[in-house]
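As a plain string of letters, each chain reads:
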Amino acid sequence: MSYRNAALPVAERVADLLTRMTIDEKIFQLFQTFITDENREEVKQQIRATGLGSRILAASNLAGNMMLRMAELDDLNEIQRIAVEESRLGIPILHGRDVIHGHRTVFPIPLAMAATFDPAAMEEAFRIAAQEARAAGVHWSFAPMMDIARDPRWGRIIEGFGEDPYLGARMAEAAVYGFQGDHNEDGYWPSDRILACAKHYVGYGAAEGGRDYNTAEISDHTLRNIYLPPFKAAVRAGVGSVMSAFHDLNGESASGSRYLLTDILRGEFGFDGFVVSDWGSVDDLIHHRVAADERDAARIAFDAGVDMEMVSLCYIHHLAELIQAGEISHQQLDDACGRVLAAKFSLGLFENPYVERPNPVNLQMPAENLQASRRTAARGMVLLENNGLLPLSKETRRIAVIGPYADQRRAMLGSWVNDGLTDETATLVEAMCAACPQAEILTAPIGLYDEMLMAAAGADVVILAVGESNARNGENNHVAVLHLPAGQDELVRAVGKIGKPTVLVVFSGRPLVLTDLVGSVDAVLWAWHPGSAGAYAAADVLFGDINPGGKLPVSFPRAGGQIPVHYNANSTGKGGSDYLDLPGKPLYPFGFGLSYTTFEISDLRLSQDQFKAGETVNVSVQVQNSGQRAGDEIVQCYIQDCVSHLTRPVRELKGFRRVTLQPGESRRVEFALGPDELSYYGPSGKWLLEPGVFKVWLGNDSRAALEGSFTVTP
Ligand code: NOJ
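Owing to the predicted nature of the structure, the values given are computational and were not obtained by experimental measurement.

A. Representation of the nonpolar core within the structure. The biggest cluster of nonpolar side chains holds 172 residues, and the ones touching the most others in it are Tyr-201, Leu-384, Ile-402 and Trp-528. Apart from the residues within four sequence positions on either side, Leu-384 is in contact with Leu-514, Val-524, Trp-526, Leu-552, Phe-556, Tyr-588, Phe-592 and Leu-594. Core analysis: the second largest hydrophobic core is formed by 39 residues, Ala-435, Phe-507, Ala-535 and Leu-542 among them.

Following this line, the structure appears as structure tokens:
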């Protein structure tokens with residue numbers, strides 16, 4: 001039985017095992033079940049009879065905000081033991097769980113991690129999450145989510161990396177490396193990591209009106225150039241699985257589209273892992289009315305390229321009869337099953353199917369992981385306004401820390417948290433007390449408006465913590481109004497009128513409209529949902545122990561009516577970008593963020609101003625910290641393809657680098673622009689580089705003004 005021989009390469013073991021399996025056993029490898037108290041005995045019987053592909057460890061289809069602790073280890077091991085010891089071939093079960101931004105140690109929401117513009121921090125966060133989750137028995141996470149989102153009404157904007165395909169691609173690959181590590185030449189991954197899942201393939205973030213699950217219409221041009229690049233990068237990084245999305249795109253169900261799942265994903269990108277549906281998204285083909293019944297849904301989704309069905313039962317009810325009828329081939333079944341088995345071998349599940357007890361991670365968050373989460377949270381915070389009030393002096397005597405999020409624990413964690421513990425999460429009040437024990441911290445109960453104002457009036461400095469709850473974003477939580485939730489705008493204005501130096505700290509999962517509020521305060525710090533140690537990170541930034549360096553991964557609109565507003569819009573014919581009643585530009589652009597120091601970016605140099613297609617040009621600038629404190633700048637490189645066959649964005653991010661500079665220190669930062677950066681998907685979806693003139697801008701946000709140009713010749 002060579003499939004049991006761990007010394008053989010994964011591919012050989014898969015081939016051997018497939019020869020031993022019945023059709024039913026293969027089909028059950030393509031099913032992910034959800035065990036409840038009601039179906040537990042039935043599932044056990046089924047596992048004995050046919051084995052089982054996977055088990056999802058979730059409380060419901062809306063797992064994010066449900067806070068279900070990890071399934072008990074005994075339970076995981078008991079069900080696994082049935083698969084390993086009581087099923088004919090002993091194939092272990094793959095345990096899948098939504099480990100989205102940390103496991104036991106909660107990291108900031110992915111959008112906040114994107115704001116670090118630091119792929120190494122992203123990789124570290126996902127590595128730590130993988131190690132904690134694996135130690136707790138998880139083999140596979142449904143992350144990273146890499147849906148480009150241009151609409152902050154959509155609650156799932158929190159789970160992705162923002163509006164930009166280049167930033168999204170860099171973050172997606174970093175997350176994949178963090179989760180999976182590198183496999184060896186025989187196809188095995190490191191035993192302390194988990195399988196990643198690139199989701200939701202594809203265009204799910206373009207839901208009409210920002211309403212989750214809604215229809216999306218995206219031209220092929222925009223799909224390929226904006227929405228697909230993070231997936232392409234994830235495939236290049238070796239992602240082991242991809243999740244097909246819930247919605248319908250351009251008239252097809254995303255989970256029933258051969259064009260998306262086979263032609264592009266496998267054919268063009270060369271993806272060789274397996275595709276899992278989203279929860280019930282095969283069954284949803286019936287609701288989209290592209291399938292008449294379950295049998296039809298199974299046929300369409302399977303033929304399109306969905307290998308494993310999450311929770312709904314179309315495959316296990318109908319694949320056998322579809323094969324018998326010749327509508328699905330034996331080869332297709334073997335291919336799909338082989339891909340799932342390959343993941344199980346790669347993860348070492350045949351050798352190590354069980355969770356070890358006792359599990360230290362479940363008992364305590366490792367201190368170094370909490371430290372990493374705190375560091376990443378601080379790196380992702382974005383200073384949007386500062387008239388010089390920040391950083392606060394630790395000599396300040398009386399600091400009011402008030403507002404609905406001053407004393408909040410759960411909202412610090414964010415909306416996709418299954419295993420982080422609320423009661424271990426510090427509040428901002430606690431963190432401010434710890435950071436400045438000599439100051440008097442004035443607080444007031446959230447509901448008591450007058451007491452909040454009295455605390456503000458009695459303080460030397462006011463920290464006003466506002467924002468939105470974790471329950472207001474994430475899956476199925478879309479909003480039509482992008483202002484702070486009810487009552488908070490009034491609170492900000494009322495506190496502003498008191499006239500004390502005031503810092504607005506905003507905890508949020510999405511951009512919100514601050515246009516009429518920023519005049520009421522002296523500084524605004526965007527803290528996102530910053531994770532287990534996020535309140536400490538906010539205090540680190542407020543007191544200047546850490547100089548903020550995060551930048552916005554998504555534009556912040558002036559008003560909801562500007563949506564969609566993103567920096568990489570196409571050029572228009574006749575200007576027309578302003579509204580009659582508002583400028584067309586967002587309040588804060590993509591890539592924007594302030595620091596407690598200042599930076600000069602100057603002296604743009606090009607290694608050549610003319611070169612052949614296929615060659616690379618180096619473009620560089622001098623960056624100097626011209627202020628009094630050490631700090632981080634994120635140097636950004638944008639290009640414009642001046643004339644092309646298809647309309648192109650006014651500018652596109654093609655490089656970024658986060659650098660730390662001491663006061664007065666200066667460094668040259670260089671970017672290489674080669675075929676990958678200069679090509680695009682042109683007519684008929686062809687990846688091509690069109691010779692001609694390109695402009696390049698370097699600077700510290702998407703309005704970068706330092707300009708150069710070069711010509712690419714055929
Ligand atoms: C539905 C969500 O869309 C998906 O992102 C998640 O991974 C699954 N539920 C499983 O919980």
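From this point on, the discussion continues.
B. Region of the structure containing the pattern of salt bridges. Overall, the coordinates contain 46 salt bridges when judged by the stated rule. Across the pair Asp-151 and Arg-153 runs a salt bridge, and its minimum N-O distance is 2.8 Å. On the basis of relative accessibility, which here comes to 23%, the residue Arg-153 falls in the partly exposed class.

C. Representation of the domain arrangement of the protein chain in the model. Looking at the protein chain, the domain boundaries give domain 1 (2-346), domain 2 (365-562) and domain 3 (599-713). On a C-alpha basis, the centroid separation for the pair domain 2 and domain 3 is 34 Å. Each partner contributes to the interface: domain 2 provides seven residues, whereas domain 3 provides nine residues. Regarding the contact of domain 2 and domain 3, the summed buried area is about 670 Å², with carbon and sulfur atoms giving 39% of it. Looking only at domain 2, the three residues that lose the most surface to domain 3 are Arg-379, Asn-547 and Lys-551, adding up to 68% of its buried area. Summed over the shared surface of domain 2 and domain 3, the result is two salt bridges. The salt bridge involving Asp-632 is made with Arg-379; its shortest N-O contact spans 3.5 Å. For the side of domain 2 that touches domain 3, a count of residues per class yields one nonpolar, four polar and two charged.

D. View of the state of the cysteines. The full count for this structure, using the stated rule, is zero disulfides. The structure places no disulfide on Cys-433, whose sulfur is separated from the nearest cysteine sulfur, that of Cys-436, by 9.2 Å. The closest cysteine sulfur to the non-disulfide-bonded Cys-637 is located on Cys-642, 14 Å from its own sulfur. A relative accessible area of 0% places Cys-637 in the buried class.

E. The arrangement of the sheet that holds strand S19 (residues 617-625) in detail. Spatially, three strands are ordered S17-S19-S22 in an open sheet, and the strand pairing comes out antiparallel. In this open sheet, the two edge strands, each paired with only one partner strand, are strand S17 (599-606) and strand S22 (666-673). The average undirected angle you get between the axes of adjacent strands in this sheet is 25 degrees. With six bridges joining them, S17 and S19 adopt antiparallel strand pairing. The residue of S19 that forms the bridge with Leu-606 is Val-619.

F. Quick peek at the site of the ligand. Taken together, 13 residues lie around the ligand, and Asp-98, Arg-156, Lys-199, His-200 and Asp-278 are the ones closest in. Arg-156 has a polar side-chain atom sitting 2.7 Å from an oxygen atom of the ligand. Residue His-200 places a side-chain N or O atom 2.7 Å away from an oxygen atom belonging to the ligand. Its residues assigned to classes, the shell around the ligand comprises six nonpolar, two polar and five charged.

G. Up close: the packing of aromatic side chains. With the rule as written, the count across this model stands at 25 aromatic pairs. For the ring pair Phe-556 and Tyr-588, a centre distance of 6.4 Å and an interplane angle of 70 degrees mean the geometry is edge-to-face. Taken together, the positions of Phe-556 in the loop between helix H21 (534-542) and S17 and Tyr-588 in the loop between H21 and S17 put the pair 32 residues apart, joining distant regions of the chain. The same class applies to Phe-556 as to Tyr-588, namely buried. Judged by centre distance (5.6 Å) and plane angle (15 degrees), the ring pair of Tyr-588 and Phe-592 falls under stacked. In this pair, the class of Tyr-588 matches that of Phe-592, namely buried. Through pairs of rings, three or more aromatic residues link up here, namely Phe-117, Tyr-166, Tyr-567, Phe-590, Tyr-638 and Phe-656. Sitting above the plane of the Trp-416 ring, Lys-199 keeps its charged end 5.4 Å from the centroid. Above the plane of the ring of Trp-697 lies Arg-651, whose end atom (NZ or CZ) is 3.9 Å from the centre.

H. Just the packing of helix H6 (residues 119-135) against helix H16 (residues 367-380), in detail. Packing of H6 against H16 brings their axes to within 10 Å, and their N-to-C directions diverge by 150 degrees. Considering the angle they form, H6 stands roughly antiparallel to H16. In the crossing of H6 with H16, the sense of the turn from one axis to the other is left-handed. Along the contact surface, H6 presents Ala-121, Glu-124, Ile-128 and Glu-132, while H16 presents Asn-369, Ala-372, Arg-375 and Thr-376. Considering only residue class, the contact of H6 with H16 consists of three nonpolar, two polar and three charged.

I. Representation of the packing of helix H12 (residues 294-304) against helix H13 (residues 314-324) within the structure. Close contact between H12 and H13 brings their axes to 8 Å; oriented N to C, the two are set at 80 degrees. It follows from the interaxial angle that H12 and H13 lie roughly perpendicular. Facing H12, whose interface residues are Glu-294, Arg-295, Ala-297, Ala-298, Arg-299, Ala-301 and Phe-302, H13 presents Cys-314, Tyr-315, His-317, His-318, Leu-319, Glu-321 and Leu-322.

Basis of the calculations
In this convention, every chain numbers its residues from 1, walking through the sequence in written order. With the structure being a predicted model, the display of local features is reserved for residues of pLDDT at least 70 and the display and counting of side-chain atom pairs for 80 or more, all residues being used for whole-chain, interface and lining totals. Side-chain metrics rest on all non-hydrogen atoms present in the structure, leaving aside hydrogens and water. We define a nonpolar core as any set of buried Ala, Val, Leu, Ile, Met, Phe, Trp, Tyr and Cys residues linked to one another through side-chain atoms lying within 4.5 Å. Partly exposed describes any residue whose relative accessible area lies between the buried limit of under 20% and the exposed limit of over 50%, with all areas from a 1.4 Å probe on protein chains only and scaled to the type maximum. Every residue pair with non-hydrogen atoms within 4.5 Å of one another is taken to be in contact. Each reported salt bridge corresponds to a side-chain nitrogen of Lys or Arg within 4 Å of a carboxyl oxygen of Asp or Glu. Bear in mind that the domain bounds are from an automatic or database domain assignment. Simply put, the buried area is the total loss of 1.4 Å probe accessible area from both parts when two parts are fitted together. Throughout, the ten residues Ala, Val, Leu, Ile, Met, Phe, Trp, Tyr, Cys and Pro are labelled nonpolar, Asp, Glu, Lys and Arg are labelled charged, and all others, Gly among them, are labelled polar. Note on terminology: pairs of cysteine sulfur atoms within 2.5 Å are recorded as disulfides. Pairing between two strands is assigned when DSSP locates at least 2 bridges connecting them. Secondary structure elements are defined from DSSP: runs of H or I of at least 4 residues count as helices, runs of E of at least 2 residues count as strands, and each element is numbered from the N terminus. Only the contacting stretch of a helix is used when fitting its axis, a line to C-alpha atoms as for every element, and angles between N-to-C directions run 0 to 180 degrees. Neighbouring residues are identified by heavy atoms, a residue being near a molecule or strand if any of them is within 4 Å of it. Any N or O atom pair separated by 3.5 Å or less is treated as a polar contact, with the protein-specific requirement of one donor-capable and one acceptor-capable atom, and with residues adjacent in sequence counted only for side-chain atom pairs. Each Phe, Tyr or Trp ring, with Trp reduced to its six-membered ring, pairs with another whose centre is within 6.5 Å; inter-plane angles below 30 degrees give stacked pairs, above 60 give edge-to-face pairs, and intermediate values give tilted ones. Note on criteria: charge over ring means Lys NZ or Arg CZ within 6 Å of the ring centre, with the direction from the centre no more than 35 degrees off the ring normal. Roughly parallel here means an angle under 35 degrees, roughly antiparallel means over 145, roughly perpendicular means 65 to 115, and every remaining angle is called oblique. Helix crossings are classified by the rotation of the near helix relative to the far one: an anticlockwise turn of less than a right angle makes the crossing left-handed, while a clockwise turn makes it right-handed.

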